[in-house]
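The residues making up each chain are set out below.
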Amino acid sequence: MTFDPKALRADFPTLGREVHGKRLVYLDSAATSQTPRSVLDAMNHYYEHCNSNVHRGVYLLAEEATDLYENARTRVAEWLNWPREGVVFTKSTTESINLVAYSYARTFLGEGDALLATTMEHHANLVPWQQAAAASGFEVRYVPFDDEGFLDLDALDELLADGRVKLLAVTHMSNVLATVNEVADLAARVRTANPGAVVLADGAQAVPHLPVDAAELDVDFYAFSAHKMLGPTGIGVLLGRPEVLDRMPPFLSGGEMILDVTLEGSTWNELPYKVEAGTPNIAEAAGLHAAIDYLDTLGMKAVREHEIELTTQALAALADIPYVTVHGTQDATRRGGVISFTVDGVHPHDIGTILDREGVAVRVGHHCAKPLVRSLGAAATARASFYVYNDTDDIPPLVTGIQKAKEFFAR
């Protein structure tokens, strides 16, 4: 499907405003995407028409709220081709990964075992494993990446050779380099060398931008967040292989995740409720459902094709500026719509400030990936990220802002 980003902008209330007297050019969707009216309406519908708790009420509002919440779970399962009982709602990708770190890694990994991550991971896919390793005594190993931002597969095979790796944690798409990793191939390599190993993929950047069939990736866990895919903040998803989730102790305890409680002990509910303690984010689930519907209408193949075209043009425009360094591959078919860059002699925070005066919103800093950014020889980068509402009209303001920043700070 071909879609018109200019026409789509009318669906996003925030994109209609001006910033410092300029049209808002929003290039920070890798951090949080904008929200269409249909998502806002879905959330408001819950609060205005069936605001109540889910699962245990027998009155009409509670039944409607439960249907709304569980229909969102079904929608996720169908959209990503995953068993419904393995769709777990959390508050974020970060919480999803922490759930696995606490409930799986701390239980099933110990001294003599190893967990394999990469040096391109977001902190959310590093720190929980480091904490779990400190508690349980296993080793954390890291696969490096090359000058183009691709994982060193020879190094990966060497790290697997001793048969000690029991879990692979890898990003599907880097939030800094934009590298799209071949998760299915990585999973096959790990399991060939270490039968029984499990695989977790961080899909926070991939799900909003790529057609994803989680079953085809052959992972055991897949985590992502709604707020990067046109949905609301406050809700994330962990796709877990049901037979693996069933072995895990609960991450959080309390209401809903129990089958029975006595003063002597408790027994756990069936999946996925065993790992969903407490009142969930009901309105946010409705928003997630609506966000999937919106993306489905566009078609994820069309979303991907649009971003490849836009990223290709942006990379070419930045390549014409001699004092700009772009990190990651120049092949837009092997990367997402994220462009991290530095400008000779200008701090990224100063770039971000000047761009803001031009109405252009970008992210600056280490992007919650300090080991990655340090490996680039930088303390920070500026990052522009594109989505469905961006088009070629958004590239010139970015270029102009960079040029103005260079001129101002080169005085």
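Our structure's up above, just so we're on the same page.
Residues numbered from 1 in each chain as written. Predicted model: local features only at pLDDT ≥ 70, side-chain atom pairs only at ≥ 80, totals over all residues. Heavy atoms only, no water.

Caption draft 1: Inspection of the sheet that holds strand β16 (residues 363-365) at higher detail. A sheet is described by the order of its strands in space; here four strands give the open sequence β13-β14-β17-β16, paired in antiparallel fashion. Among the strands making up the open sheet, the edge pair consists of β13 (324-327) and β16. This sheet shows a mean twist of 30° between the axes of neighbouring strands, independent of strand direction. Looking at chain direction, β13 and strand β14 (residues 338-343) are connected through four bridges and run antiparallel. (Pairing = 2+ DSSP bridges. Helix = DSSP H or I, 4+ residues; strand = E, 2+ residues; numbered from the N terminus. Axes fitted to C-alpha atoms, helices over the stretch in contact; angles between N-to-C directions.)

Caption draft 2: Layout of a nonpolar patch on the surface. A cluster of nonpolar side chains, Tyr-59, Leu-60 and Leu-61, forms an exposed patch at the surface whose accessible area comes to about 300 Å². The topology assignment puts Leu-60 in helix α3 (residues 60-80). (Patch = residues over 30% accessible without salt bridge, like charges linked within 9 Å, V, L, I, M, F, W, Y side chains within 5 Å. Areas by Shrake-Rupley, 256 points an atom, 1.4 Å probe, with all protein chains shown as cover. Salt bridge = Lys/Arg side-chain N within 4 Å of Asp/Glu carboxyl O.)

Caption draft 3: View of the pattern of salt bridges. Under the counting rule described, the total for this entry stands at 26 salt bridges. Among the salt bridges present, the one from Arg-84 reaches Glu-70, with a minimum N-O distance of 2.6 Å. Separated by 14 residues along the polypeptide, Arg-84 in the loop between α3 and β4 (87-90) and Glu-70 in helix α3 bring together distant segments of the chain.

Caption draft 4: Representation of helix α6 (residues 153-160) within the structure. Those residues of α6 not exposed but buried are Ala-155, Leu-156 and Leu-160. For α6, the buried positions fall inside an angular range of 135° around the axis, keeping them on one side. Of the residues in α6, the exposed ones pointing more than 90 degrees away from the buried face are Asp-154 and Glu-158. Where α6 is buried, its residues meet β5 (114-118), β6 (139-143), β7 (165-171) and α7 (183-193). (Buried < 20%, exposed > 50% of the residue type's maximum accessible area, 1.4 Å probe, protein only. Arc of directions from axis to C-beta. Contact = heavy atoms within 4.5 Å.)

Caption draft 5: Layout of the environment of Asn-194. Topologically, Asn-194 is positioned in the loop between α7 and β8 (198-202). Classification of Asn-194 by relative accessible area gives buried; the value is 3%. Sequence spacing of Asn-194 and Tyr-26 is 168 residues, and the spatial spacing of their C-alpha atoms is 44 Å. When sequence neighbours within four positions are dropped, the list of residues in contact with Asn-194 reads Leu-160, Gly-163, Arg-164 and Val-165.

Caption draft 6: Region of interest: the pairing of β14. Judged by how many residues are buried, β14 sits mostly within the fold: six of six residues are covered. Both faces of β14 are covered, namely the face carrying Val-338, Ser-340 and Thr-342 and the face carrying Ile-339, Phe-341 and Val-343.

Caption draft 7: Structural context of the environment of Ala-379. As for its placement among the helices and strands, Ala-379 is situated in the loop between α13 (370-375) and β17 (381-385). In the structure, Ala-379 is positioned 236 residues away from Val-143 in sequence and 21 Å away in space, judged by C-alpha atoms.

Caption draft 8: Just the sheet that holds β7, in detail. Sheet architecture is open: seven strands sit in the order β4-β10-β9-β8-β7-β5-β6, paired in mixed fashion. Whereas interior strands pair on both sides, the edge strands pair on one side only; in this sheet they are β4 and β6. Neighbour-to-neighbour, the strand axes of this sheet turn through a mean angle of 20°, independent of strand direction. Taken together, the three bridges between β8 and strand β9 (residues 221-225) define a ladder with parallel strand orientation. The partner of Asp-202 across the bridge, within β9, is Ala-223. Of the strands in this sheet, β5, β6, β7 and β8 touch helix α5 (residues 127-136), which is tilted by about 150° from β6.

Caption draft 9: Summary view of the side chain of Asn-125. Tracing the backbone shows Asn-125 in the loop between β5 and α5. Residue classification places Asn-125 among the buried residues on the basis of a relative accessible area of 0%. Reaching out from Asn-125, the side chain makes a polar contact with the side chain of Glu-121 at a distance of 2.8 Å. Once you skip the residues sitting within four places of it in the chain, Asn-125 turns out to touch Ile-97, Ala-169, Val-170, Thr-171, Leu-200 and Asp-202. (Polar contact = N/O pair within 3.5 Å; in protein donor to acceptor, adjacent residues only side chain to side chain.)

Spatial relationships are all this shows, so hold off on functional conclusions.
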